[in-house]
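Below, each chain spelled out in residue letters.
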Amino acid sequence: QVNLVESGGGLVQSGGSLRLSCAGSGTFFSINEMGWYRQGPGKQRELVASVTRDLSTKYLDSVKGRFTISRDNVKNMVYLQMNSLEPDDTAVYYCYAGVTLGGGYHYSAWGQGTQVTVSP
């Protein structure tokens with residue numbers, strides 16, 4: 001069992017910044033890939049950013065140069081620094097982690113989501 005809890009969402013003006021955090025807890029062998037999805041009003045869920053255990057990163061094209069993903073392997077946390085926010089960034093942001101449990105069982109854990117709202 002692995003629990004993920006997000007924090008750091010809120011309301012910000014266009015051009016502002018927010019930093020999202022996600023903390024993992026529970027019993028597992030390792031956490032592999034970690035990252036963030038988002039789903040805006042009336043939109044499909046999309047992968048915003050991901051980071052592997054060896055710190056290889058990928059980003060959604062629309063956030064490149066504005067968002068930075070990072071992780072702490074000791075604390076089992078992942079972060080998303082969001083700068084130059086735009087109204088199109090408004091969404092619920094979900095943390096995820098690829099987890100390996102004892103016995104070699106793999107699954108994806110998900111957080112409950114945190115709301116990010118960017119006003120014009």
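Everything numeric in this text was worked out from a predicted model, so none of it was measured.

Side note on the state of the cysteines
Overall, the coordinates contain one disulfide when judged by the stated rule. A disulfide bridge connects cysteine 22 with cysteine 95, and the sulfur atoms are separated by 2.1 Å. On the sign convention where negative means left-handed, the S-S torsion of about -80° between cysteine 22 and cysteine 95 marks this disulfide as left-handed. With a gap of 73 residues between them, cysteine 22 in strand β3 (residues 18–26) and cysteine 95 in strand β9 (residues 91–100) connect regions that are remote in the sequence. A residue is classified by how much of its surface remains accessible, and cysteine 95, at 0% relative accessible area, is buried.

Comments concerning the pairing of strand β11 (residues 114–119)
On any regular strand, side chains alternate: one points to one face of the sheet, the next to the other face. Here β11 shows one buried face, formed by Thr114, Val116 and Val118, and one open face, formed by Gln115, Thr117 and Ser119. The pairing of strand β2 (residues 10–13) with β11 spans four bridges and is parallel. Counterpart to glutamine 13 in the pairing with β11 is serine 119. Two strands pair when backbone bridges link them, and β9 and β11 are joined in this way by three bridges, in the antiparallel orientation. Counted as the bridge partner of alanine 91 is valine 116 from β11.

Some words on the side chain of glutamate 6
Relative to the elements of secondary structure, glutamate 6 occurs in strand β1 (residues 2–7). The charged side chain of glutamate 6 is buried without a salt bridge, its nearest counter-charge being arginine 45 at 8.5 Å. For glutamate 6, the side chain forms a polar contact with the main-chain nitrogen of cysteine 95, separated by 2.8 Å. Separated by 3.0 Å, the side chain of glutamate 6 and the backbone nitrogen of glutamine 112 make a polar contact. Discounting residues that sit within four places of it in the chain, glutamate 6 has contacts with Ser21, Cys22, Trp36, Tyr93, Tyr94, Cys95, Gly111, Gln112, Gly113 and Thr114.

Rules of the game
Residues numbered from 1 in each chain as written. Predicted model: local features only at pLDDT ≥ 70, side-chain atom pairs only at ≥ 80, totals over all residues. Heavy atoms only, no water. Disulfide = S-S within 2.5 Å. Helix = DSSP H or I, 4+ residues; strand = E, 2+ residues; numbered from the N terminus. Buried < 20%, exposed > 50% of the residue type's maximum accessible area, 1.4 Å probe, protein only. Pairing = 2+ DSSP bridges. Lys, Arg positive; Asp, Glu negative; His and termini not counted. Salt bridge = Lys/Arg side-chain N within 4 Å of Asp/Glu carboxyl O. Polar contact = N/O pair within 3.5 Å; in protein donor to acceptor, adjacent residues only side chain to side chain. Contact = heavy atoms within 4.5 Å.

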